[in-house]
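Below, each chain spelled out in residue letters.
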Amino acid sequence: MHPAFSILFFTTLAGAAQGLVFTLALAVLFGLELSPGFIGIALGVAEVLLVAGLAASFMHLGRKTRAWRAVLMWRTSWMSREVIVLPAFIALVALWAVSLRLGIGAPWSWAMPVLVLYGAALLWYCTAMIYACLRFIEEWAHPLTVINFTLIGLSSGLMLACAMAALAGEARFVHVFGPWALAATLAAWAARGSALRRNAGLRHKSTLQSATGIRADKLVQKSMGMSAGSFNTREFFHGASLVALKNMKFGFLVMAFALPAALALWGVVSAVAWPWLLAVLVQAPGLLAERWFFFAQAKHPQNLYYQVVS
């Protein structure tokens, strides 16, 4: 598939924001003593990330004035459900921030974190199911897609939360959630590695023989099926070489998981702020690379008709 950068930014930014808010909600429910100023700033950062992700997603639309029509198929479309859940989650985070600003106490102070937890989990599920429900793209049609979206979002959100807490002097927060950030990153690494191994061993149901109806044992396509490029060749194939894919895979495994995990371990042991800041800076481009590879590795069956010249 062709990775659209608007979707890469949307899923990466929104996932990190969900993980950040999820972490803050857990901290409140666990009774962790946090300054209202820190929670307010963290919720503000999450809100900015969510809105920026929503804005990036609009760049993917051909006719942006018709974006509202995306909600009409909510009964059958996971994308429509995501379009509904995302603004609702943004409003929920804003409402939580306003309630903290106004100093509204229990039971509201406990209800909001619970609602935010459910909202973040639901948004992760809706976003991941957009791809996991596509049975004809076998790289995505697996429960690991939902698991990876959730764990990667948790990892990036926990890293960001610990970095912000370290800067704000919230040592107790880093002491409690620092090991969680490390564990989430290692779990995300393991789950993503499992998906990579699974996809590398796939034997696709659709083949060049089944696509063309030619039953020869050895069949090689010499033409892309047309004399020039088209929507099919631009939108359903990334155009990158095997070497580029291999380098991208190695790059995101190191930058999204290995280095952040090592830096998180350093941050937990040393109790200083800069390893957490560096982990966020390293992980951000790694997550974009991971999401690029997620799309590029997926093989749409229609590419069996529209291959590049071999």
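Our subject is the structure listed above.
Residues numbered from 1 in each chain as written. Predicted model: local features only at pLDDT ≥ 70, side-chain atom pairs only at ≥ 80, totals over all residues. Heavy atoms only, no water.

Trainee: Even after reading the chapter, I still don't get the overall build of the protein, so can you show me in this structure?
Mentor: The secondary structure content of the protein amounts to ten helices and zero strands. Here the C-alpha radius of gyration of the protein, 21 Å, is about what a compact globule of 310 residues would show, namely 19 Å. When its C-alpha atoms are laid out on the principal axes, the protein stretches across 70 × 45 × 30 Å. Burial analysis of the protein (310 residues in total) assigns 46% to the buried set. Put simply, of all contacts in the protein between residues at least 6 apart along the chain, 78% involve residues at least 24 apart. Accessible surface for the protein amounts to roughly 15,700 Å². Of this, 70% is attributable to carbon and sulfur atoms. (Helix = DSSP H or I, 4+ residues; strand = E, 2+ residues; numbered from the N terminus. Rg over C-alpha atoms; globule rule 2.2 N^0.38 Å. Buried < 20%, exposed > 50% of the residue type's maximum accessible area, 1.4 Å probe, protein only. Contact = heavy atoms within 4.5 Å. Areas by Shrake-Rupley, 256 points an atom, 1.4 Å probe, with all protein chains shown as cover.)

Trainee: Teacher, can you tell me more about empty space enclosed by the protein here?
Mentor: Over the atoms, a rolled probe matching the size of one water molecule traces out where space is still vacant. What the rule picks out here adds up to two cavities of 30 Å³ or more. In this model, the largest cavity occupies a volume close to 130 Å³. Around the largest cavity, the lining comprises 16 residues; the ones closest to its centre are Thr11, Thr12, Gly15, Phe149 and Arg291. Breaking the lining of the largest cavity down by element, the ones donating at least two residues are α1 (5-29), α4 (108-132), α5 (143-168) and α10 (274-297). (1 Å grid on protein atoms, 1.4 Å probe; cavity = no way out; pocket = protein on both sides within 12 Å on 5 of 7 lines; lining within 4 Å. Points joined across faces, edges and corners; volume = space filled by probe spheres on them.)

Trainee: Explain the pattern of salt bridges to me, please; I cannot follow it from the model alone.
Mentor: By the definition in use, this model includes two salt bridges. Notably, a salt bridge pairs Glu290 with Arg192, separated by 2.6 Å at the nearest N-O pair. Taken together, the residues span a long stretch of sequence, with Glu290 in helix α10 and Arg192 in helix α6 (residues 171-200) at a distance of 98 residues. Overall, the relative accessible area of 2% leaves Glu290 in the buried class. Each of Arg192, Glu290 and Arg291 takes part in one network of salt bridges that share partners. (Salt bridge = Lys/Arg side-chain N within 4 Å of Asp/Glu carboxyl O.)

Trainee: Please clarify how the packing of aromatic side chains should be interpreted in this entry.
Mentor: The geometry of an aromatic ring pair comes down to the distance between the two centres and the angle between the two planes. Counted by the stated rule, this structure contains 17 aromatic pairs. With centroids separated by 5.1 Å and ring planes inclined at 10°, the aromatic side chains of Trp140 and Phe294 adopt a geometry described as stacked. Taken together, the residues Trp140 in the loop between α4 and α5 and Phe294 in helix α10 connect sequence positions 154 residues apart. Across the pair, exposure class does not vary: Trp140 and Phe294 are buried alike. Counting every residue linked through ring pairs, the aromatic cluster contains Phe30, Phe38, Phe173, Phe177 and Trp180. (Phe/Tyr/Trp six-rings, centres within 6.5 Å; stacked < 30°, edge-to-face > 60°.)

Trainee: Looking at this structure, I do not really get α6. What am I missing?
Mentor: Within an α-helix, residues lying three or four positions from one another point in the same direction, as the helix has 3.6 residues per turn. End to end, α6 covers 43 Å across 30 residues, agreeing with the expected 44 Å (1.5 Å per residue, within 8%). At Phe177, α6 is bent by approximately 40°, the largest bend along its length, and proline Pro179 sits one to four residues beyond. (Expected span 1.5 Å × (residues − 1). Bend = angle between axes of the 7 residues up to and from the residue.)

Trainee: What is the right way to look at the packing of α1 against α6 in this model?
Mentor: A packed helix pair is summarised by two numbers, namely the angle formed by the two axes and the spacing between the axes. The geometry of α1 relative to α6 is characterised by a closest axis approach of 12 Å and an angle of 125° between their N-to-C directions. Considered as vectors, α1 and α6 are oriented oblique to each other. Two packed elements cross with a definite hand, and for α1 against α6 that hand is right-handed. Facing α1, whose interface residues are Thr23, Leu24, Leu26 and Ala27, α6 presents Phe173, Phe177 and Trp180. (Axes fitted to C-alpha atoms, helices over the stretch in contact; angles between N-to-C directions. Parallel < 35°, antiparallel > 145°, perpendicular 65-115°, else oblique. Left-handed = near helix turned anticlockwise from the far one by under 90°.)

Trainee: Looking at this structure, how should I read the environment of Ala279?
Mentor: Structurally, the position occupied by Ala279 is in helix α10. On the basis of relative accessible area, Ala279 is assigned to the buried category, the value being 0%. Residues Ala279 and Ala264 lie 15 residues apart in sequence; the distance between their C-alpha atoms is 6.9 Å. Residues in contact with Ala279, not counting those within four places in the same chain, are Met159, Pro260 and Leu263.

Trainee: What's the story with a nonpolar patch on the surface in this structure? I'm lost.
Mentor: On the surface, Trp266, Val272, Trp274, Leu278 and Leu281 cluster together to form a nonpolar patch covering roughly 510 Å² of accessible area. The biggest single contributor to the nonpolar patch is α10, with three residues. Turning to its location among the elements, Trp274 is positioned in helix α10. (Patch = residues over 30% accessible without salt bridge, like charges linked within 9 Å, V, L, I, M, F, W, Y side chains within 5 Å.)

In short, shape yes, function no, at least from these values alone.
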